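So you can see what is in the structure, the chains are spelled out below.
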Amino acid sequence: MGREKLIQHRIMPVAVIVLVIIAIWYVGAYFMNAPFQRDLDRRANVTSTAIEFLEKTMSQPKPTLPAPHQVASNVFENTFLRKVTSNRSLVYHAWVTLSSTAVGFTLGTLLGILIAVGIVHVKALDRSLMPWIIASQMVPILAIAPMVIVVLGAVNITGLLPKALISTYLSFFPVAVGMVKGLRSPELIQLDLMRTYNASVAQTFWKLRVPASVPFLFTSMKVAIAASLVGAIVGELPTGAVAGIGSKLLAGAYYSQTIDIWAALIAGSVLAALLVAIVALVGKLVERAMGAKPERSLG
Amino acid sequence: MTILKRSWQSWLALALVLAALATLPLLSAEAPIAYKPIRMFSIFVLTIGATVISLLPLPPVFVAVTLLVCAHFSTGLLISRLAGNEGMASTAFFFILAANWLLAWRCVSILSELRIRSRAIDSLLRLVIPAIFGAWILILWEAVTRGFGIPFIILPPPSAIGARLASSIPTLWADMQQTVFKAVIFGYVVGCASGFAVAILADRIAFFRRGLLPIANLMSALPIIGVAPIMVMWFGFDWQSKAAVVIVMTFFPMLVNTIAGLSAAGSMERDLMRSYASDYWQTLTKLRLPAAMPFIFNALKINSTLALIGAIVAEFFGTPIVGMGFRISTEIGRMNVDMVWAEITVAAFVGSIFYGVVTLGERALTFWHPSNRGG
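Residues numbered from 1 in each chain as written. Chains lettered and ligands numbered in written order. Predicted model: local features only at pLDDT ≥ 70, side-chain atom pairs only at ≥ 80, totals over all residues. Heavy atoms only, no water.

Draft legend 1. Fine view of the domain arrangement of chain A. Residues and elements named next belong to chain A. Parsing chain A into structural domains produces domain 1 (3–65) and domain 2 (90–289). Taken over C-alpha atoms, the centre of domain 1 sits 37 Å from the centre of domain 2. Contacts between domain 1 and domain 2 engage seven residues on the former and six residues on the latter. Carbon and sulfur atoms make up 61% of the surface buried where domain 1 meets domain 2, a total of about 460 Å² over both sides. Summed over the three residues of domain 1 that lose the most area to domain 2, namely W25, K62 and P63, the buried surface amounts to 66% of that side. Run the count over domain 1 and domain 2 and you get zero salt bridges. (Domains from an automatic or database assignment. Contact = heavy atoms within 4.5 Å. Buried area = accessible area lost by both parts, 1.4 Å probe. Salt bridge = Lys/Arg side-chain N within 4 Å of Asp/Glu carboxyl O.)

See the structure below:
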């Protein structure tokens, strides 16, 4: 793809859509904040021109829908202008969430791989465990995340671990399912070749199944890391709003600090995008190191 | 050839039963309600009998059925007397429980090795094997919570949860109506339908698709659940705000999957449609949408879980005094943990039915797909 085509086919459309979204956002902010502003003006007996009124709707301290620039300045202020250790710094809250996400994701990935290896090699496990793994996702665990935190808190397990456990639960599933698929992806003809080499089960596993499963692993890890971030954020809701992006959301909801809520949402989104991008990048590097074709990708 | 079979589960089970016999009684001396001798005798006879049969060279079906019946009957006798005796179980109790568990494992291994021609029996086995596994999770849960006397607040035994579930059906039904029938169904239908509609629009206009797809891909990885407090502020405490959260959560997976599905039809088939001189809508409804169905149903399945989670979590941010999320958050505050678990059971049940209905719809509509044709 040439450079001109890249701009024409990739960057241009995205930029236009983003601009349209921001424009809609501004219009929405005007209409959602206008009734309250009219109320304020009537009580204060102020008559303002249309331009003044527009400016006022865009600069309320607790707007119904904050304007994009209000959110942007809040994010900028709380990310770059504050000390990292400050309680109001978004970097601090993001770090708290990130640490439990990372622990939960690591545990979940290891657990998922372990389960997948067991399922591929033990037939009894395959037939008895697999249906329950799928059923386990029907339990809206996210909905009882607060309970898990409170209960574990009652037995003095507090801090990072309970949140990480929720992330683990959410992230093991995509990895387990993806890895079962990946470890089974070698074709019969390849497995037969290993048999003609008189390869042991372990040798077949390390030299054929594991390399074949790597693309599947990274695809499912991308899903898993997004899920563990969601788990960590929801896990932070009931901890009495101590720290983390989830507690920032809850505190914002309690005190109607709408700008803070949106800023926390943006911070969470940036974090999610970064994490997924990192996993994708590592995946690409690993695949290249293993000698895969550069364009190859799984949906 | 030896007469006895080599099965480590059975030998270990035998060792455990003997260990249990050596460390009797099953409950410690202070237990208020002791086991009657006849019950204890039956437990041991059943377990030892099952162990011996599993070691003899008998037909596998016979062994499996015997193990299934004896091990579970013995376990039933064992744990049904635990209520009232919390924390009194002795080492012998856990030895014999472990022996029964190993026998059940052996039973599952035999059943999974069976090669059966008949389709009906095969599908029965597909149900029985996971059911044994599920039953043992409940059995171990019950035995551990009651046997070790784990505090009720931390983890109530399943029998207590079941009793609570049965005694508070009206409350649970009211919660389900509020959360599932109002918020989830409305949000799910609107969210999926609008995601689908936007995907068709994006398919029609290439520029729109190129701009939207990267953004939608990004959005579906984001913690969208965070919009819950905003929606509660905008749409009030009742079900409308929860439905709004569900709409936002289900929109993007549907959009992304539908767009991916619409490009699933091969170029050969498209060329064929061109040679028939079919217009855009004909190609869409007769070729590309049917080809996209597996992707669309994938999104519907993902969304069935997301919708339930979204509605329940949104209720943590404010509700009227009814609803599953409301019940969970208030009952945990009052330390009625069994009620919370009952609500979770209902939620899991509703989620499974929801998923099952979508799967049935998929079977009916994509019967042509290789994954549904069977081999």
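Back to the text.
Draft legend 2. Spatial organisation of the nonpolar core. Residues M147(A), L255(B) and L300(B) are the most contacted members of the largest nonpolar core, which totals 122 residues. For this core, the leading source of residues is helix α12 (residues 280–314) of chain B, giving 15 residues. Beyond its immediate sequence surroundings of up to four residues, L255(B) is in contact with G195(B), V198(B), A199(B), L212(B) and A216(B). Grouped together as the second largest cluster of nonpolar side chains are 43 residues, L27(B), L78(B), L102(B) and I110(B) included. (Core = buried A, V, L, I, M, F, W, Y, C linked by side-chain atoms within 4.5 Å. Buried < 20%, exposed > 50% of the residue type's maximum accessible area, 1.4 Å probe, protein only. Helix = DSSP H or I, 4+ residues; strand = E, 2+ residues; numbered from the N terminus.)

Draft legend 3. Fine view of the packing of aromatic side chains. Applying the stated rule across the entire model yields 15 aromatic pairs over all chains. Their ring planes at 50° and their centres at 5.6 Å tell us that W101(B) and W105(B) sit as a pair that is tilted. Pair noted here: W101(B) and W105(B) are both in helix α4 (residues 91–113), with a separation of four residues, about one helical turn. Put simply, the rings of Y30(A), F31(A) and F53(A) touch in pairs and so form one group of aromatic residues. Sitting above the plane of the Y280(B) ring, R204(B) keeps its charged end 4.0 Å from the centroid. (Phe/Tyr/Trp six-rings, centres within 6.5 Å; stacked < 30°, edge-to-face > 60°. Lys NZ or Arg CZ within 6 Å of the ring centre and 35° of its normal.)

Draft legend 4. Spatial organisation of the UniProt feature "domain: ABC transmembrane type-1" (unreviewed entry) in chain B. Under the present numbering, the feature "domain: ABC transmembrane type-1" (unreviewed entry) in UniProt falls on residues 199–360 of chain B. In the segment residues 199–360 of chain B, helix accounts for 80% and strand for 0%; the C-alpha atoms at its two ends are 24 Å apart. (UniProt positions renumbered as here; feature names shortened; annotations may be inferred.)

Draft legend 5. Structural detail: the pattern of salt bridges. Residue and element names in this part refer to chain A. One pass over the full model with this rule turns up 10 salt bridges over all chains. Of the charged contacts, one joins R43 and D39 as a salt bridge, the two residues approaching to 3.2 Å between their closest N and O atoms. Of the two residues, R43 and D39 are both situated in helix α1 (residues 3–44); the distance of four residues between them amounts to about one turn of the helix. Given a relative accessible area of 24%, D39 falls into the partly exposed group.

Draft legend 6. Just the environment of V108(B), in detail. Structurally, the position occupied by V108(B) is in helix α4. Along the backbone, V108(B) and V128(B) are 20 residues apart, and their C-alpha atoms lie at a distance of 9.0 Å.

Draft legend 7. A look at the UniProt feature "transmembrane region" (unreviewed entry) in chain A. Residues and elements named next belong to chain A. Taking the numbering used here, the UniProt-annotated feature "transmembrane region" (unreviewed entry) corresponds to residues 12–32, 92–120, 132–154 and 261–286. Annotation note: span residues 92–120, helix share 100%, strand share 0%, distance between end C-alpha atoms 42 Å. Secondary structure within residues 261–286 divides into 100% helix and 0% strand; the distance between the first and last C-alpha atoms comes to 37 Å.

Draft legend 8. Summary view of the domain arrangement of chain B. Each domain of chain B was delimited in the assignment, giving domain 1 (8–150) and domain 2 (166–373). Look at where the C-alpha atoms of domain 1 of chain B and domain 2 of chain B centre, and you get two points 42 Å apart.

Draft legend 9. A look at the environment of I230(B). Tracing the chain through its elements places I230(B) in helix α9 (residues 228–235). Distance from I230(B) to T51(B), taken between C-alpha atoms, is 61 Å for residues 179 residues apart in sequence. Those residues in contact with I230(B), other than ones at most four positions away along the chain, are I261(A), W262(A) and L265(A).

Draft legend 10. Looking closely at the interface of chain B and chain A. The interface is formed by 49 residues belonging to chain B together with 51 residues belonging to chain A. Of the roughly 4300 Å² buried at the junction of chain B and chain A (both faces included), carbon and sulfur atoms supply 84%. In this structure, the connection of chain B to chain A is made through one residue pair in polar contact (both at pLDDT 80 or more). Considering only residue class, the side of chain B that touches chain A consists of 37 nonpolar, eight polar and four charged. (Polar contact = N/O pair within 3.5 Å; in protein donor to acceptor, adjacent residues only side chain to side chain. Nonpolar A, V, L, I, M, F, W, Y, C, P; charged D, E, K, R; others polar.)

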